[in-house]
Amino acid sequence: MSQDPPCLRAFRDEIALRTVQEAQRLFPQAIKFNYNAAVTSVDFERQLVHISMDGSNTTEVGYDLLVGADGSGSVVRSALQHIMPDGYIRRYRHKQVYSMTQVTPSDPAQIPPHAVFQAHPIKDGIVLWDARSSQDCRVGLTVTQELADAIRQGKTDKIIAVLQSGGPSLPDYARKAVIELAQSKPDFYPMPSWTHLSQLHGPRTMLLGDAAHTMSPVLGQGLNAGLEDTTVFAECLQQHHGNVDTALPAYNTRRLPDVQAIMTVNEVVASSNIGLSVQDQDGAHKLWLSGHKMLLILHMASSTVLQKVAPSMFSGPRMLGLVMGTAPYREFVSTLYRDGVWFAGFVIAVSASVMYMR
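Below is a summary of the structure that appears in this document. (Residues numbered from 1 in each chain as written. Predicted model: local features only at pLDDT ≥ 70, side-chain atom pairs only at ≥ 80, totals over all residues. Heavy atoms only, no water.)

Attention shifts here to helix α3 (residues 145-152). Along an α-helix, residues three or four positions apart point the same way, because every turn accommodates 3.6 residues. Among the residues of α3, those classed as buried are Leu-147, Ala-148, Ala-150 and Ile-151. Along the axis of α3, the buried residues cluster in a sector spanning 160 degrees; they form a single face. Phi turns positive, to about 90 degrees, at Gly-154, one or two residues after α3. (Buried < 20%, exposed > 50% of the residue type's maximum accessible area, 1.4 Å probe, protein only. Helix = DSSP H or I, 4+ residues; strand = E, 2+ residues; numbered from the N terminus. Arc of directions from axis to C-beta.)

Our focus in this paragraph is the sheet that holds strand β6 (residues 96-103). The antiparallel open sheet is built from five strands, whose spatial order is β7-β8-β9-β6-β10. Taken across any chain shown, the strands that pair with only one partner, and hence form the sheet edges, are β7 (117-122) and β10 (189-190). Contacts between α3 and the sheet are confined to β6 and β9 (136-144), with β9 contributing the most and set at about 120 degrees to the helix. (Pairing = 2+ DSSP bridges. Contact = heavy atoms within 4.5 Å. Axes fitted to C-alpha atoms, helices over the stretch in contact; angles between N-to-C directions.)

Overall, the coordinates contain four aromatic pairs when judged by the stated rule. The interplanar angle of 50 degrees and the centroid separation of 6.1 Å between the aromatic rings of Tyr-98 and Tyr-189 together place this pair among those described as tilted. Note that Tyr-98 is positioned in strand β6 and Tyr-189 in strand β10, a separation of 91 residues in sequence. (Phe/Tyr/Trp six-rings, centres within 6.5 Å; stacked < 30°, edge-to-face > 60°.)

With antiparallel pairing, the three strands of this open sheet are ordered in space as β1-β2-β3. Pairing within the sheet leaves two strands with one partner each, and these edge strands are β1 (37-43) and β3 (57-62). Averaged over all neighbouring strand pairs, the angle between strand axes comes to 30 degrees, with direction disregarded. With six bridges joining them, β1 and strand β2 (residues 48-53) adopt antiparallel strand pairing. Counterpart to Ser-41 in the pairing with β2 is His-50.

The subject of this paragraph is the nonpolar core. If you look at the biggest cluster of nonpolar residues, it comprises 47 residues, and the most contacted ones within it are Val-42, Tyr-88, Leu-200, Leu-207 and Tyr-251. The element best represented in this core is helix α7 (residues 244-273), accounting for 13 residues. Core analysis: the next-biggest nonpolar cluster, separate from the first, contains 25 residues, Val-97, Ala-148, Leu-163 and Ala-182 among them. (Core = buried A, V, L, I, M, F, W, Y, C linked by side-chain atoms within 4.5 Å.)

The values reported here are purely geometric and, on their own, carry no functional implication.
Shown next, in the form of structure tokens:
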């Protein structure tokens, strides 16, 4: 019997802090960290970035390699867009908006130890529960703009009705936190757009993390994917003996298929399971999304049935392996396509048999 892979529970700010501390320990003279700084523009020809310090003073910094890890609203990515061919980036904006706040549960004993991160679908949205401990919790609410406007107007009964009709799996502690959030008439913000890139690098520039693959939190893979980006590029740089000019194309060749695969899975799962949808789609994208939804349903259903019929031969759906990090993203997407081909072949064979019997 196979064992579940070991899991490490860590929080992104703790990982960032430990990374900075380790870098300072290993390279005390070679690395300088500037905080409260933001890139405002990039000059690729002169290899300069303009950085705003504390939101006021601006300074120029030269670079040998520019790593665009500046999040979903990446300035580096936007700058690359101006020098890249048409079709370099495709953005799909969400119809939903979100709000999140920190909460202190009135009865911490009700919260089970495993309630670290939960995603509960509701009608046209999702409730997110993120807890470091029973005393340090956050609740997030993603809803349509119409419902958000109603909440802002104090119509708490609207969200209560949604929770009653569409959130049966929502634990009491999360339900109470959502209602308290709605009663506070919170501000709502646009969801970051899904971004699909045709290339992960430019002239002595690379993208990683949310700058390279902005996605919804439905699979909990944003940070994991960013760590994989870093690992892959470090390996490419080592294999090319520090030659940035050859390491960047190698990074793109090796990493882009996985990035495109995780974006595919994320969008299909988010739009299928938690009602996240995008606006201003063209017909081709709608057709693409519908086809992939069918492939996902087919994979989940057929794999579940085969596992129950012959558990020693079939391992069941690959989604858990994707989330746990034991299955590469592109391998999961290939499985979806393979299942689709098998199903199409099965339908054709059955149809041919029926026609022959007639």
